[in-house]
Amino acid sequence: MSKRTTATCYCGAVQLEILTVETPHLRHVRGADNLSAYSTSKTINTGNTMTSHFCKTCGALIYRRSSGFPGLSFCRIGTVDDIDLHDEILKPMAEQFTVSRVKWLEPVEGVRQTEGMSTE
């Protein structure tokens, strides 16, 4: 199932259109010039470079790109405007780094659990 939806920062200055399928498509609707990017490889277990894209106005993290997954953009779920998608298409398929999960947070039922980075 695929569906077009939008993802918007907190202040509305940046908006993306995303196609929610296995290989996501992301297109800037507005505000591409209002994004700031920060890249690092020091905190990524794999040594890949992770680039985070933020709204310059409100500071919201909009999406990330990893050198380990060329061509893919990882939109932050909190920016997706259609709340119904959170329970449908955008439901997690895996929980990663469960070894460092805080004790008060229960595992997501029916979701694959991995102690480190999942590559599936």
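Residues numbered from 1 in each chain as written. Predicted model: local features only at pLDDT ≥ 70, side-chain atom pairs only at ≥ 80, totals over all residues. Heavy atoms only, no water.

Named according to an unreviewed UniProt entry, the chain is CENP-V/GFA domain-containing protein originating from Cryoendolithus antarcticus. Recorded under Sequence similarities (unreviewed entry), the UniProt text for the chain is reproduced unchanged: "Belongs to the Gfa family." (UniProt positions renumbered as here; feature names shortened; annotations may be inferred.)

How would you sum up the sheet that holds strand β7 (residues 74-75)? Please name residues and give values.
One open sheet accounts for four strands, arranged β4-β5-β6-β7; its pairing is antiparallel. What marks the edges here is a single partner per strand, and that holds for β4 (35-40) and β7. (Pairing = 2+ DSSP bridges. Helix = DSSP H or I, 4+ residues; strand = E, 2+ residues; numbered from the N terminus.)

Break down the state of the cysteines for me, with residues and values.
Note on terminology: disulfide describes a covalent bond linking the sulfur atoms of two cysteines. Using the criterion set out here, one finds zero disulfides in the structure. A disulfide-free cysteine, Cys 55 has its sulfur positioned 3.7 Å from the sulfur of Cys 9, the nearest such atom. Residue Cys 58 stays outside any disulfide, its sulfur separated by 3.8 Å from that of Cys 55, the closest cysteine. When its relative accessible area of 29% is taken as the criterion, Cys 58 is described as partly exposed. (Disulfide = S-S within 2.5 Å. Buried < 20%, exposed > 50% of the residue type's maximum accessible area, 1.4 Å probe, protein only.)

Now, about the nonpolar core: what can you tell me, with residues and values included?
One finds Cys 9, Val 14, Leu 16, Leu 26, Leu 35, Ile 62 and Tyr 63 to be the most contacted residues of the largest nonpolar core, which totals 13 residues. Those elements that place two or more of their residues in this core are β2 (15-19) and β6 (61-66). (Core = buried A, V, L, I, M, F, W, Y, C linked by side-chain atoms within 4.5 Å.)

Outline a nonpolar patch on the surface, supporting the account with residue identities and numerical values.
A cluster of nonpolar side chains, contributed by Phe 69, Phe 74, Phe 97 and Met 117, occupies part of the molecular surface with about 330 Å² of accessible area. In this structure, Met 117 sits in the segment after β9 (112-113). Note on Met 117: relative accessible area 39%, which makes it partly exposed. (Patch = residues over 30% accessible without salt bridge, like charges linked within 9 Å, V, L, I, M, F, W, Y side chains within 5 Å. Areas by Shrake-Rupley, 256 points an atom, 1.4 Å probe, with all protein chains shown as cover. Salt bridge = Lys/Arg side-chain N within 4 Å of Asp/Glu carboxyl O.)

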